[in-house]
Amino acid sequence: MTVSGIDRLHSQLSKLEDMFPGYVTEIVEGSIVMNPVRPFHGRTIQSFWGIVEPQLPTGWVVVTDVAFPFDDAHEFCPDLAVIPAEAEAENHSSYAPDLIEFVAEVVSPESIRRDYELKPRWYASRGIANYLVLDPLQGHVVTMWNPSPDGYLGRDTVRYGPELTVHSPLGKLVIPTGTLPVDPKAPDRS
């Protein structure tokens, strides 16, 4: 059995994450990127997971910090991705990006460009129906839908506070944005 270059690289990335706990490691534009996970980042992931998972239809689950290799130069570890439960039950460290039905990223100071510009193009190009950017730095969520080869054709920005309804192939997901953590240095939301 031969091991492909991407399998070898993924194996090395897994070792890096083990060596540097508290960091998420991805391959972005051919470079290895490591970001520290801050408390607001982690709390946003936990909170959003608790909101989304109970609303999912049977057969779908949320995963986090799992690799999705898009090509040799892009391997993303979404903060939250919804994939089929039977795929998750295989308990792999990486999965095909075509399994993702819904994806969310939480913005950190280091990930702004990737989360708002780069990842939407890649997620949309794979037909992922809904992409949410949760931004505790700005106190808002950006919801993107209607994927095309060039990116998402629909996009709305909603300040944290009101309830957000996302119409997805998984059904209607209701997100009470007022419960999501906000960085104390975020601009005034009033």
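Okay, so let's go over this structure. (Residues numbered from 1 in each chain as written. Predicted model: local features only at pLDDT ≥ 70, side-chain atom pairs only at ≥ 80, totals over all residues. Heavy atoms only, no water.)

**Considering the pairing of strand S7 (residues 102-106)**
We apply this condition: Any residue under 20% of the maximum accessible area for its type is buried, any over 50% is exposed, and the rest in between are partly exposed; the area is computed with a 1.4 Å probe on protein chains only. Starting at the N terminus, helices and strands are each numbered in turn, a helix being any DSSP run of H or I of at least four residues and a strand any DSSP run of E of at least two. Pairing between two strands is assigned when DSSP locates at least 2 bridges connecting them. Think of it like this: strands point away, you trace from the first strand over the helix to the second, and a clockwise trace means the crossover is right-handed.
Buried residues dominate S7, accounting for 5 of its 5 residues. Neither face of S7 is open: one carries Phe 102, Ala 104 and Val 106, the other Val 103 and Glu 105, and all of them are buried. Bridging between strand S6 (residues 80-84) and S7 involves 3 bridges; their strand directions are antiparallel. Residue pairing across strands places Leu 80 opposite Ala 104, the latter belonging to S7. Here 5 bridges tie S7 to strand S8 (residues 130-135), and the two strands are oriented parallel to one another. Across the sheet, Val 106 pairs through a bridge with Leu 134, a residue of S8. Regarding the hand of the β-α-β motif, the stretch spanning S7, helix H4 (residues 112-125) and S8 is right-handed.

**Here's the deal with the sheet that holds strand S3 (residues 60-63)**
Here is the rule: Think of each axis as a best-fit line through the C-alpha atoms, taken over the contacting stretch in the case of a helix, with angles from 0 to 180 degrees between the N-to-C directions.
Here 6 strands make up an open sheet; going across it, the order is S3-S6-S7-S8-S9-S10 and the pairing mixed. With one partner strand each, in any of the chains shown, S3 and strand S10 (151-159) form the two edges of the open sheet. Strand after strand, the sheet turns through a mean of 20° between neighbouring axes, direction not considered. For S8 and strand S9 (residues 140-148), the ladder comprises 6 bridges, and the chain directions are antiparallel.

**Overview of the pattern of salt bridges**
Cut-off, in case you're wondering: Note on definitions: salt bridges are taken to be side-chain nitrogens of Lys or Arg within 4 Å of carboxyl oxygens of Asp or Glu.
Applying the stated criterion to the full structure yields 3 salt bridges. The closest approach of N and O atoms between Glu 105 and Lys 119, which form a salt bridge, is 3.2 Å. With Glu 105 in strand S7 and Lys 119 in helix H4, this residue pair connects regions lying 14 residues apart in the sequence. Judged by its relative accessible area of 2%, Glu 105 is buried.

**Some points on the packing of aromatic side chains**
Definition in use: Only Phe, Tyr and Trp rings take part, Trp by its six-membered ring, and two of them pair if their centres are within 6.5 Å. Stacked means planes under 30 degrees apart, edge-to-face means over 60, and tilted covers everything else.
Overall, the coordinates contain 8 aromatic pairs when judged by the stated rule. Taken together through their ring pairs, the aromatic side chains of Phe 70, Phe 76, Trp 122, Tyr 123, Tyr 131 and Tyr 152 make up a single cluster.

**Examining the nonpolar core**
Defined as follows: Side-chain atoms within 4.5 Å link the members of a nonpolar core, which is a set of buried Ala, Val, Leu, Ile, Met, Phe, Trp, Tyr and Cys residues. What makes two residues a contact is simply this: any of their non-hydrogen atoms within 4.5 Å.
If you look at the biggest cluster of nonpolar residues, it comprises 23 residues, and the most contacted ones within it are Phe 68, Ile 83 and Tyr 123. Broken down by secondary-structure element, the contributors of at least two residues to this core are S3, strand S4 (68-71), S6, H4, S8 and S9. At 4 residues, H4 tops the list of elements feeding residues into this core. When neighbours within four sequence positions are excluded, Ile 83 is seen to be in contact with Gly 59, Trp 60, Val 61, Val 63, Phe 68, Glu 88, Tyr 95, Leu 99 and Ile 100.

**Remarks on the environment of Leu 173**
Among the structural elements, Leu 173 can be located in strand S12 (residues 171-176). C-alpha of Leu 173 to C-alpha of Pro 54: the two residues are 119 residues apart in sequence and 9.8 Å apart in space. Residue contacts for Leu 173: discarding those within four places in its chain leaves Gln 55, Leu 56, Phe 102, Leu 164, Thr 165, Val 166 and Ser 168.

Remember that the coordinates give geometry; whether it matters functionally is a separate question.
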